[in-house]
Amino acid sequence: MSNFTTISYKENELNKELAKVFAALLEKKTVDAVLAPCRQANGTIMQTLITDPAQTAAVDPFAPIAPVSSAKIASSLTAKPSGKKIALVMRPCEIRALIELVKLKQANLDDTLLIGIDCFGRFENQDFYSLREQGLTAESFIKAAQGGTTATKDQDIIEACATCEHPTAANADIRLCLIGADAGTFAVEAATGKGEKAFSDMGLSSSTAPGKRAEAVKSLTAARQEAFKQKMNEYREKINSFQALEENMAKCINCYNCRVACPVCYCKECVFVTDTFRHDSEQFVGWAQQKGSLKMPTDTVFYHLTRMTHIGNFCVGCGQCTSACPNDINLTMAFKAAAKVSQERFGYEAGRSVDEAQPLTVFHHDELVEVTGQMK
């Protein structure tokens, strides 16, 4: 059973109390470093690796922005053993992506303490900074979200978040809980043995879960599941043929931003940046002569179909691909549509468990018998 403790904070001092939690982890030598979203000197918010307890004063983990996926950063920090223990403060989708990277041998959880936050969603980067100039803070956003709305001054959270069915962090050692919390409070939950030790190191007193939490999590999850179903139906009605998909991807310029932003795009070398797709002039002219014209750059739809095939089983629907696209192509829903089919086909859910083998990495004698034609 999880241990909880409830912490109160004064108005505009949520981050001050959170800083105390992270500082205690460093002061008690529970971890050697904390990776958490922090306010930078220039006003931006970026993931920051903190080793000095005093530097935790800049933390802002509930700010509704995620410029990059923390899973990619966590991979860089943990893929090779450093001998240092790191607390990773992450959103639920980021932890789920990290779980997939662990199974791909591109991250390691041995020397980590996963601290998951309840997630009410995020804005696109520029929208967040525009809204912040108008007075948006993490606390004002949380207050609005707890009241049932994530829209702020005609802006709403990104579609990926509005349709995310995982608002709480599974597989976290410690959870920072705001869903269902009373105003001016948050709860710290120790969810694993690692979390229990950190809980004890920080001297936190144990109590029961916030009384409204279970029902609030259930309600928010149900609302997002319904939103996902509606958006998915709308997308599939619109993108119902290869021609429709091609038209949807027509603005792609092969910048590959989506590949770089994707936390589970795992290849060390992408085939699309090798000589395989560096065509010479004669090939381009020959293709143009076959049809009379040739859209340039080529291979744009094939690029996205390849990524859907390659990472569909691992997609966690974080929305970073759409955020990175300079031409506002709704890649998230395209990939979620592909991922839903492939993951359901294998009875698999990305990020559900570090012990669950990824599809196509193990052989099952009676798997897909209707495809292989073998007798049971």
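All values reported here derive from a predicted model rather than from experimental measurement.

Draft legend 1. View of the overall build of the protein chain. Secondary structure assignment for the protein chain yields 15 helices and 7 strands. For 376 residues, the compact-globule estimate of 2.2 N^0.38 gives 21 Å, and the C-alpha radius of gyration of the protein chain, at 22 Å, lies within 12% of that figure. Across its three principal directions, the C-alpha atoms of the protein chain cover 70 × 55 × 40 Å. Expressed as a percentage of its 376 residues, the buried residues of the protein chain come to 47%. Long-range contacts, defined as pairs at least 24 residues apart, comprise 73% of the intrachain contacts of the protein chain with a sequence gap of at least 6. Per element, the accessible surface of the protein chain, about 18,800 Å² overall, is 51% carbon and sulfur. Across the protein chain, 41 positive and 44 negative side-chain charges occur, with their mean positions spaced 2 Å apart.

Draft legend 2. Seen up close, the side chain of Q358. As for its placement among the helices and strands, Q358 is situated in the loop between helix 14 (331–345) and helix 15 (369–372). With relative accessibility at 4%, the residue Q358 sits in the buried group. With residues near it in sequence (within four places) discarded, Q358 still touches E100, K103, L104, F314 and Y348.

Draft legend 3. Molecular detail of the packing of helix 12 (residues 300–311) against helix 14. Contact pair helix 12 / helix 14: the axes reach a minimum separation of 9 Å and the direction vectors enclose 45°. Relative to helix 14, the element helix 12 lies oblique. Crossing hand, helix 12 versus helix 14: right-handed. Between helix 12 and helix 14, the residues in contact are H304, R307, M308 and I311 and L331, A334, F335 and A338, respectively.

Draft legend 4. Focus on the pattern of salt bridges. Here the structure, examined in full by the defined rule, presents 11 salt bridges. Measuring nitrogen to oxygen at the nearest pair gives 3.2 Å for the salt bridge that ties E17 to K20. In this pair, E17 and K20 are both assigned in helix 1 (residues 14–27), 3 residues apart and thus about one turn of the helix distant. Look at E17 and you get buried, because its relative accessible area is 14%. The class of K20 is partly exposed, set by a relative accessible area of 47%. The salt bridge partner of R278 is D275, with a shortest N-O separation of 2.8 Å. You can call D275 exposed: its relative accessible area is 60%.

Draft legend 5. The arrangement of the packing of helix 8 (residues 213–238) against helix 14 in detail. Across the interface, helix 8 lies against helix 14 with an axial gap of 10 Å and an inter-helix angle of 100°. By the angle between their axes, helix 8 is roughly perpendicular relative to helix 14. Contacts between helix 8 and helix 14 involve F228, K231, M232, Y235 and R236 from the first element and M333, A334, K336, A337, K340 and V341 from the second. Its residues placed into classes, the contact of helix 8 with helix 14 shows 7 nonpolar, no polar and 4 charged.

Draft legend 6. Quick look at the sheet that holds strand 3 (residues 45–50). Pairing within the open sheet is mixed, and its 7 strands lie in the order 1-7-6-5-4-2-3. Every other strand in the sheet has two partners, leaving strand 1 (3–8) and strand 3 as the edge strands with one partner each. Direction aside, neighbouring strands of the sheet carry axes that sit 25° apart on average. Examined bridge by bridge, strand 1 and strand 7 (residues 185–190) share 6 bridges and lie antiparallel to one another. Considered in strand 7, the bridge of T5 is made with V188.

Draft legend 7. Main features of the confidence of the model for the protein chain. Predicted confidence across the protein chain gives a mean pLDDT of 91, with 96% of residues reaching 70 or more. Strand 4 (residues 86–90) holds the highest mean pLDDT among the elements of the protein chain, 98, whereas helix 15 holds the lowest, 64.

Cut-off values and rules
- Residues numbered from 1 in each chain as written.
- Predicted model: local features only at pLDDT ≥ 70, side-chain atom pairs only at ≥ 80, totals over all residues.
- Heavy atoms only, no water.
- Helix = DSSP H or I, 4+ residues; strand = E, 2+ residues; numbered from the N terminus.
- Rg over C-alpha atoms; globule rule 2.2 N^0.38 Å.
- Buried < 20%, exposed > 50% of the residue type's maximum accessible area, 1.4 Å probe, protein only.
- Contact = heavy atoms within 4.5 Å.
- Areas by Shrake-Rupley, 256 points an atom, 1.4 Å probe, with all protein chains shown as cover.
- Lys, Arg positive; Asp, Glu negative; His and termini not counted.
- Charge placed at Lys NZ, Arg CZ, Asp CG, Glu CD.
- Axes fitted to C-alpha atoms, helices over the stretch in contact; angles between N-to-C directions.
- Parallel < 35°, antiparallel > 145°, perpendicular 65-115°, else oblique.
- Left-handed = near helix turned anticlockwise from the far one by under 90°.
- Salt bridge = Lys/Arg side-chain N within 4 Å of Asp/Glu carboxyl O.
- Nonpolar A, V, L, I, M, F, W, Y, C, P; charged D, E, K, R; others polar.
- Pairing = 2+ DSSP bridges.
- pLDDT = per-residue confidence, 0-100.

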